[in-house]
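Here are the chains, one letter per residue:
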There are 2 protein chains.
Amino acid sequence: MLKKTNGPTLVDVAREAGVSLKTASRALNDDPGIAPATAKKVRTVMSRLGYRPNELARGLKGRKSAAIGMVVPNLADPFSASAVQAVQEVARKNGHVVVLTSSGGDELLEREELETLVRRQVDGLIIAPADGRTSTVDSFISANIPVVSFDRPISNSNIDSITVTNRDSVREATEHLLSHGYRRILAIGARPHLYTGSERVAGYVSTMKRAHLKKETYLVENESDLDPEVIQKLLKKGPGKLDAILTLNGITTMLVLRVLRQLGKRVGSDIALISFDDFELAEILTPSLTVVRQPAAELGRRAAELLFTRMQSKKPFPRQEIVLSTTFHIRESCGCTQNI
Amino acid sequence: MLKKTNGPTLVDVAREAGVSLKTASRALNDDPGIAPATAKKVRTVMSRLGYRPNELARGLKGRKSAAIGMVVPNLADPFSASAVQAVQEVARKNGHVVVLTSSGGDELLEREELETLVRRQVDGLIIAPADGRTSTVDSFISANIPVVSFDRPISNSNIDSITVTNRDSVREATEHLLSHGYRRILAIGARPHLYTGSERVAGYVSTMKRAHLKKETYLVENESDLDPEVIQKLLKKGPGKLDAILTLNGITTMLVLRVLRQLGKRVGSDIALISFDDFELAEILTPSLTVVRQPAAELGRRAAELLFTRMQSKKPFPRQEIVLSTTFHIRESCGCTQNI
DNA sequence: GATTTGTTAGACAACGTTGTCTTATGTGAG
DNA sequence: CTCACATAAGACAACGTTGTCTAACAAATC
């Protein structure tokens, strides 16, 4: 068989430099116990041959891969994208690389991806779990890999989590709508089986309750994959006129805006709207969109930092549950008139 | 020293099943030359022990990592994000994993990242090169790794590339503006040192020339990191009134829209605008934005497919230069009135 | 001058897996 | 009954690196 032509190895370097394999290794790693002159000589040979250490071999020997794995539902989602970018930056600073996979929100696929990552010996994992149940990851705890859950916590586990104030943020938004005098408010777009979804709905419901509104006026529409027609119907029927809409995630905001436009409803005047999740152009819209913005990059950064702390710490420390605040950007769509 | 408690290895499986290491390996890989009964016995032990193959060791032995590397300027950019998502999907179908890094458009960092990836023995690379010169990657050709360049070609090399019709797309947009009767058109946001930038400007300039417009009326503003004030000045001064703006990338579109809003200029009526790059909310804006949309996901998918074809092909084949079409979405900001 | 100490270098095994080659076992042909 | 032959299983080395232990040698101590 033809030997695959690969780059030079440490053995080649050692031979060429007239030293032993181990000495070459020492030069490579700035190990102590090597004469500066020898080290220099070896390094010269290395650059002459264009030697590149094989990280696979290193990882195998050292039982670490210098890689962390990250699983998100969908990378094309700007929220995930920002987070991943931040994670990647932190990873680089720590000399690690990010192996990225997406689960499509599918629990089965998520399991597979996690399995793949663990087999690749990643040193740590950051997951935005498709499901909040512990089942998916518990088998990996046995693999002794530090895991940080991101965007959603994993219940009944002692896995670190980084989340945002979903409930309180929606509460704030709802209160703002109430303060405008709106009473018939539709909360739409939650996936109630997800942590984020149920928290956001809870924020809405509790606020409406506290305002002593009759239960019949709570309007919650769960499915997030609503097709336009469903939304259209919702807007038309409803028990009485709808005052305001609270969209509980970015995709829903898009859908709702599109339908409102088709119906000729003017946002801000005909009907108020607050969006959970910000958009690049939200400020430019007429009317500009009032939004709850999640600190996506910060979330990613903190998740990665926590993960590395966990990875580097000799002693175990208690589960961390970090909750970051969202920011509320009052613009025009909520009924406020903006003074620029 | 305390031995790191790791999961079971093939040796453990073999011992437990009462077979040799090699036989266990055969059971794992469905190798021929093993009795079905033996294979079943071994596999039972595997799942009982929760055995997970170590991909690092496999990679080292087989001289392949089952990973591809991808380098993009900035992952938070929706264009990159969509492409990465698509790449990841193709990679999974091919049993590979994606190691993702971002260069921040910095050539030096890009080099470092590439080096890291090659050291990790990735089986292939997809790059959106920060610079179109060959220097950055030529050292990796020696590493015999298939490379596909993405969004921008690498000149003077025989590296495959996937790009879009930058020049023709801008030509189409420019012609559309001219057909509205606009003559004083500002093309803004190109980074002329990048392939995409120079191509887009070339599309603009050649179209203006062909329309026999005087050279003084060409208005090209290069820097993409324009701060708002610069844009503001451009809009105010200029030799005569500005008819239209052609923004040559998404970030610039954002900036320009914001400034126009501040100046109280109404897009579509006061001044026309076409954006290279689409936005999620572009359709919802008033006026809705006429845009050139790049098929980001398709670009990523094709890049990955080409890469895998290259990786799997025994015989080398000629350099591929795939050029995908953009789509032109005529909405309102160009001066057209949309009939919904 | 013999012994200790410290420095530098090398030999060898190991990480977990698979490729190559060999050996054991049974099966059918002559 | 012997030989060839397929089938199944094992022994051993190898992938490229680093950890452990030992060897060589010079300098320093007594």
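Coordinates for the structure precede this section.
To keep things clear, this report deals only with the structure shown in the data block. (Residues numbered from 1 in each chain as written. Chains lettered and ligands numbered in written order. Predicted model: local features only at pLDDT ≥ 70, side-chain atom pairs only at ≥ 80, totals over all residues. Heavy atoms only, no water.)

### Re the protein's contact with DNA strand D
Point 1. In the neighbourhood of DNA strand D, 26 residues make up the surrounding shell, with A:Leu10, A:Tyr51, B:Ser20, B:Thr23 and B:Thr38 lying closest.
Point 2. Atoms of DNA strand D within 4 Å of the protein belong to the sugar or the phosphate in 63% of instances, the rest to bases.
Point 3. Here A:Leu10 contributes a backbone N or O atom positioned 2.5 Å from a phosphate oxygen of DNA strand D.
Point 4. Here B:Thr38 contributes a side-chain N or O atom positioned 2.5 Å from a phosphate oxygen of DNA strand D.
Point 5. Going through the elements one at a time, α2 (21-29) and α4 (55-62) of chain A together with α2 (21-29) and α4 (55-62) of chain B are the ones with two or more residues in the surface near DNA strand D.
Point 6. Ranked by residues supplied to the surface near DNA strand D, first place goes to α2(A) with five residues.
Point 7. Of the residues contributing to the surface near DNA strand D, the split by class is 10 nonpolar, eight polar and eight charged. (Near = heavy atom within 4 Å. Polar contact = N/O pair within 3.5 Å; in protein donor to acceptor, adjacent residues only side chain to side chain. Helix = DSSP H or I, 4+ residues; strand = E, 2+ residues; numbered from the N terminus. Nonpolar A, V, L, I, M, F, W, Y, C, P; charged D, E, K, R; others polar.)

### What to know about the protein's contact with DNA strand C
Point 1. Neighbouring residues of DNA strand C: 25 residues in total, closest A:Ser20, A:Thr23, A:Thr38, B:Leu10 and B:Tyr51.
Point 2. In the interface set of DNA strand C, defined as its atoms within 4 Å of the protein, sugar plus phosphate atoms amount to 63%.
Point 3. A:Arg26 places a polar side-chain atom, nitrogen or oxygen, 2.7 Å from a base nitrogen of DNA strand C.
Point 4. A distance of 3.0 Å separates a phosphate oxygen of DNA strand C from a polar atom in the side chain of B:Asn29.
Point 5. Among the elements of the structure, α2 and α4 of chain A together with α2 and α4 of chain B are those that each provide at least two residues to the surface near DNA strand C.

### Side note on the interface of chain B and chain A
Point 1. With 63 residues of chain B in contact, the opposing surface of chain A contributes 63 residues.
Point 2. The junction of chain B with chain A conceals about 5800 Å² of combined surface from both sides, 55% of it contributed by carbon and sulfur atoms.
Point 3. Among the residues of chain B in contact with chain A, B:Arg52, B:Leu56 and B:Arg261 are the three that bury the most area, contributing 13% of the side total.
Point 4. Where chain B packs against chain A, one counts eight salt bridges.
Point 5. For the pair chain B and chain A, the interface holds 25 residue pairs in polar contact (both at pLDDT 80 or more).
Point 6. For the side of chain B that touches chain A, the element with the most residues is helix α5 (residues 78-93) of chain B, which contributes seven residues. (Contact = heavy atoms within 4.5 Å. Buried area = accessible area lost by both parts, 1.4 Å probe. Salt bridge = Lys/Arg side-chain N within 4 Å of Asp/Glu carboxyl O.)

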